[in-house]
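Take a look at the letters that make up each chain.
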Amino acid sequence: MNKVLVSILLSLIVAPVSAQSQEDMPRLVVGITIDQLRSDYLYALQHLFSEKGFKLIMQEGLVCDEVLYDFPYLDRAVSTAAIHTGTIPFYNGVVSEEVFDKFNRKDKSILYDEKVTGNGTTDKLSARSLLVSTLSDEVKIVGNGLGRVYSIASDASTAILSAGHIANSALWIDDETGRWATTSYYSDAPAFVLHPYYKHSPSNTIATLSWSPMYPSDLYTAIPYQVPPYRFTHTISPKEYNRFSIYKTTPMVNDVVTDVSIEILSSALLGRRDQLDMITIGYTLAPYNHGTVQKYALEIQDAYVRLDADLTRLFEAIDSTVGLDKTVIYITSTGYFTGEGREPSFYKIQSGEFYPKRAVSLLNMYLMAIYGHGEWVSGYSHNQIYLNRQFIKDCNIELEEVRDKAAQLLIEMDGVQDVYTQHRILLRSTNEHTDRLRRGLSSTHSGDIFIELVPGWEIVYENQANTREYIRHNAVPAPFMLMAPNVKAQKIETPIDVTTIAPTVSRVLRIRAPNGCTSRALKIEFK
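What counts as what
- Here, residues in each chain are numbered from 1, in the same order as that chain's written sequence.
- For a predicted model such as this one, the threshold for reporting local features is a pLDDT of at least 70, and the threshold for listing and counting side-chain atom pairs is 80 or more; totals across whole chains, interfaces and linings nevertheless cover every residue.
- Neither water nor hydrogens contribute to the side-chain values; these are computed over all heavy atoms in the structure.
- Buried residues of nine kinds, namely Ala, Val, Leu, Ile, Met, Phe, Trp, Tyr and Cys, make up a nonpolar core once their side-chain atoms join them within 4.5 Å.
- Burial classes: relative accessible area under 20% of the type maximum marks a residue as buried, over 50% as exposed, and values in between as partly exposed (1.4 Å probe, protein chains only).
- Secondary structure is summarised from DSSP: a helix means a run of H or I of at least four residues, a strand means a run of E of at least two, and numbering begins at the N terminus for each.
- Residues count as neighbours in contact if any of their non-hydrogen atoms are within 4.5 Å of one another.
- Each axis is a line fitted through C-alpha atoms, and for a helix only the stretch in contact is used; angles between axes span 0 to 180 degrees, taken between their N-to-C directions.
- Orientation categories follow fixed angle ranges, with anything under 35 degrees roughly parallel, anything over 145 roughly antiparallel, 65 to 115 roughly perpendicular, and all other angles oblique.
- Following the grouping adopted for this structure description, the nonpolar residues are Ala, Val, Leu, Ile, Met, Phe, Trp, Tyr, Cys and Pro, the charged ones are Asp, Glu, Lys and Arg, and the polar ones are all others, Gly among them.
- Here the expected length of a helix is defined as 1.5 Å per residue gap, with one fewer gap than residues.
- To obtain the arc, one takes the directions from the helix axis to the C-beta atoms.
- Pairing between strands requires that DSSP locate at least two bridges from one strand to the other.
- Definitions for this section: a left-handed crossing has its near helix turned counterclockwise from the far helix by less than a right angle. A right-handed crossing has that turn clockwise.
- Patch membership requires more than 30% relative accessible area and the absence of a salt bridge. Residues of like charge join within 9 Å; the nonpolar side chains Val, Leu, Ile, Met, Phe, Trp and Tyr join within 5 Å.
- To measure how exposed things are, a 1.4 Å probe is used in the Shrake-Rupley method; for residues, cover is taken only from the protein chains shown.
- Salt bridge, as used here: a side-chain nitrogen of Lys or Arg that lies within 4 Å of a carboxyl oxygen of Asp or Glu.

S.K.: Looking at this model, I keep getting lost on the nonpolar core. Mind explaining?
M.R.: In terms of nonpolar packing, the biggest core is built from 68 residues, with Ile32, Phe54, Trp180 and Ile331 touching the most fellow members. The element that contributes the greatest number of residues to this core is helix H12 (residues 293-321), accounting for 13 residues. Ile331 has contacts with Ile32, Ile34, Leu37, Phe54, Ile57, Leu311, Phe315, Pro479, Phe480 and Met481, leaving out every residue within four places of it along the chain. Counting 58 residues, the second largest nonpolar core, distinct from the first, contains Ala81, Leu130, Ala170 and Leu522.

Next comes the structure, spelled out in structure tokens:
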């Protein structure tokens with residue numbers, strides 16, 4: 001009898017606590033990834049921000065100004081995958097946005113998936129190449145699949161890698177059609193977004209695009225590269241063959257991403273059911289028309305101010321529907337910046353040009369002189385040389401021997417700082433460079449030889465556009481910000497690794513961290 005009484009009393013005591021705990025649980029997670037967001041520009045432009053955009057989360061949330069991305073190569077795909085999986089490319093499988101196709105001997109998307117079909121695009125893309133779970137996957141799993149997960153971004157890599165494996169839908173803007181697109185990998189794409197005449201499709205709005213500074217130019221003081229005249233107006237001709245690629249480097253693309261995100265928040269009733277829902281949003285602050293900070297300093301700053309206005313709209317929409325007191329919001333950067341341009345020759349800074357196509361040709365001739373006629377080298381991609389492994393095997397020659405011979409020639413080329421074979425990297429040397437290279441290694445996608453080029457040099461790709469890649473070793477200050485009902489406003493003064501973001505968000509949500517997490521959650525103060 002006493003046991004029954006004790007049991008009843010305990011149930012009366014515990015029940016209200018459990019109910020209150022359930023009531024306090026967040027209903028919505030909003031994950032915002034901003035390509036090339038920089039902490040230094042963010043603080044320098046604060047005087048132009050509203051109180052309800054960037055400032056809201058900077059003043060009321062957890063803020064860290066230095067997130068470290070210690071990988072040999074960074075782009076949108078690598079960074080987004082690391083953010084949302086909580087682990088390095090070596091484990092999550094995403095080593096670059098494009099990888100070398102050893103069979104066809106050309107680059108292809110790492111997300112390419114022959115088994116799916118495009119909707120609004122000819123691209124066949126999915127998350128199958130992602131080897132571990134993501135934050136969005138764990139949100140789905142904790143609700144037994146009943147939680148809704150949508151991902152919206154201007155580019156496919158950010159949309160898909162944020163969405164993970166089991167999202168309802170991932171949406172992005174197709175480079176050729178300018179329409180919102182997805183693939184058959186996702187089962188719940190909003191039909192109104194994919195409609196050819198959807199009002200927020202760039203294909204229907206690009207003709208009227210006109211971009212000028214939001215504020216007087218003398219208020220933009222974050223970047224000291226401006227030259228007169230301090231004004232610009234950009235339009236994009238509907239006849240421009242790569243018009244949608246250019247459009248996706250303007251802040252107008254962030255406007256439509258925000259428009260679609262707000263519509264999906266409303267139509268899918270995100271955060272207004274009994275399950276935890278999630279929406280991931282991909283914005284961009286990349287330099288206009290893939291240019292440099294020296295040329296587009298004013299445009300970059302105006303893009304920050306305009307994105308702040310978009311965040312204000314987004315946060316207000318969340319507050320009026322779900323409530324910010326029931327929402328967890330985190331903002332991350334991709335941790336790199338493509339706007340650094342080569343200095344003019346009259347500054348007398350040492351520089352040069354490295355031509356991968358010529359290097360591959362010379363290396364193949366060198367190996368033919370040693371081993372005989374044949375195609376010993378398959379190609380070059382992302383500072384990596386790919387040897388023709390099948391041909392080497394058929395010739396009954398040890399692959400490592402050919403790698404070493406190739407490295408001996410490559411190290412003698414102008415502009416080459418150092419050369420590493422895949423075997424050297426996998427030996428786990430105490431050398432910091434080989435350890436860093438190993439973090440970005442993939443047995444499926446990585447090359448046989450890694451080339452480190454001299455800072456200040458340019459890689460010249462002899463393609464139709466004569467594309468150039470400037471080598472500059474400088475760390476970009478990249479922020480991580482988190483605002484949640486149960487998290488105190490606080491500043492993390494020490495740098496953090498990007499792999500700590502996913503477990504930290506998971507801890508705030510009280511769910512499992514993704515299964516490949518290699519770091520612990522940050523020690524943060526709760527209310």
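S.K.: Looking at this model, I keep getting lost on the packing of helix H11 (residues 252-267) against H12. Mind explaining?
M.R.: In contact at an axis separation of 9 Å, H11 and H12 are set at 5° when each is read in the N-to-C sense. It follows that H11 is roughly parallel to H12 by the angle criterion. Contact residues: H11 offers Met252, Asn254, Asp255, Thr258, Asp259, Ser261, Ile262 and Leu265, while H12 offers Arg306, Leu307, Asp310, Arg313, Leu314, Ala317 and Ile318. Per-class residue counts for the contact of H11 with H12 are seven nonpolar, three polar and five charged.

S.K.: So what exactly am I meant to see when it comes to helix H13 (residues 356-371) here?
M.R.: In an α-helix, one full turn covers 3.6 residues, which means residues spaced three or four apart are oriented alike. Taking 1.5 Å of rise per residue, the 16 residues of H13 would be expected to cover 22 Å, and the 22 Å separating its terminal C-alpha atoms lies within 8% of that figure. All of the buried residues along H13 are Pro356, Ala359, Val360, Leu363, Asn364 and Leu367. The arc that holds the buried residues of H13, viewed along the axis, is 130°, so those residues lie on one side. Exposed residues pointing more than 90 degrees away from the buried face of H13 are listed as Lys357, Met365 and Ala369. Next to the buried residues of H13 lie strand S12 (353-354), strand S13 (377-381), strand S14 (384-387), helix H15 (399-410) and strand S17 (458-460). Backbone geometry just downstream of H13 places Gly372 in the positive-phi region, at approximately 110°.

S.K.: Can you walk me through unusual backbone geometry in this structure?
M.R.: Comment: phi is negative for the bulk of residues other than glycine, and the bulk of peptide bonds are trans. Within the chain, Asn144 stands out as a residue other than glycine whose phi angle is a positive 55°. Secondary-structure assignment places Asn144 in the loop between helix H6 (135-142) and strand S7 (149-153). By relative accessible area, Asn144 is classed as exposed at 72%. At Asn289, a residue that is not glycine, the phi angle is positive and equals roughly 55°.

S.K.: Help me understand the sheet that holds S13 in this model?
M.R.: Where strands meet in a sheet, backbone hydrogen bonds hold them as pairs that are either parallel or antiparallel. Strand order in the open sheet made by the four strands is S13-S14-S16-S15, with antiparallel pairing throughout. Across the chains shown, the open sheet's two edge strands, defined by having one partner strand only, are S13 and strand S15 (416-421). The sheet shows a mean angle of 20° between the axes of neighbouring strands, taken without regard to direction. Each of S13 and S14 is contacted by H13, which is oriented at about 155° to S13, the strand it contacts most. Along the sheet face, H15 touches S14, S15 and strand S16 (449-453) and points at about 175° away from the line of S15.

S.K.: Just checking my understanding: could you explain the packing of helix H4 (residues 76-85) against helix H7 (residues 156-163) for this structure?
M.R.: A pair of packed helices is captured by two measures, namely the crossing angle of their axes and the spacing between those axes. Where H4 meets H7, the closest approach of the two axes is 9 Å, and the angle between their N-to-C directions is 15°. Overall, the two elements H4 and H7 adopt an arrangement that is roughly parallel. Between H4 and H7 lies a crossing whose hand is right-handed. Between H4, through Arg76, Ala77, Thr80, Ala81 and His84, and H7, the contact on the second element is made entirely by Ser157, Thr158, Leu161 and Ser162. For the contact of H4 with H7, the class distribution of residues is three nonpolar, five polar and one charged.

S.K.: Whenever I open this one, a nonpolar patch on the surface confuses me. Can you help?
M.R.: Together, Met214, Tyr215 and Leu219 make up a nonpolar patch on the protein surface, roughly 230 Å² of accessible area in all. Among the structural elements, Met214 can be located in the loop between helix H9 (202-205) and helix H10 (243-247).

S.K.: What exactly am I supposed to notice about the pattern of salt bridges here?
M.R.: Oppositely charged side chains are able to pair whenever their charged atoms sit close together. In total, this model carries 26 salt bridges according to the counting rule given. Across the salt bridge formed by Asp113 and Arg128, the nearest N and O atoms sit 2.2 Å from each other. With Asp113 in the loop between strand S5 (106-109) and strand S6 (118-119) and Arg128 in the loop between S6 and H6, the pair connects residues that are 15 residues apart, well separated along the chain. By relative accessible area, Arg128 is classed as partly exposed at 45%. Close ionic contact of Arg439 with Asp497 constitutes a salt bridge, the shortest N to O distance being 3.6 Å. Linking Arg439 in helix H17 (residues 432-439) with Asp497 in strand S21 (residues 496-497), this pair joins segments that are 58 residues apart in sequence. Linked through salt bridges whose partners overlap, the residues forming this network are Arg389, Glu400, Arg403 and Asp448.

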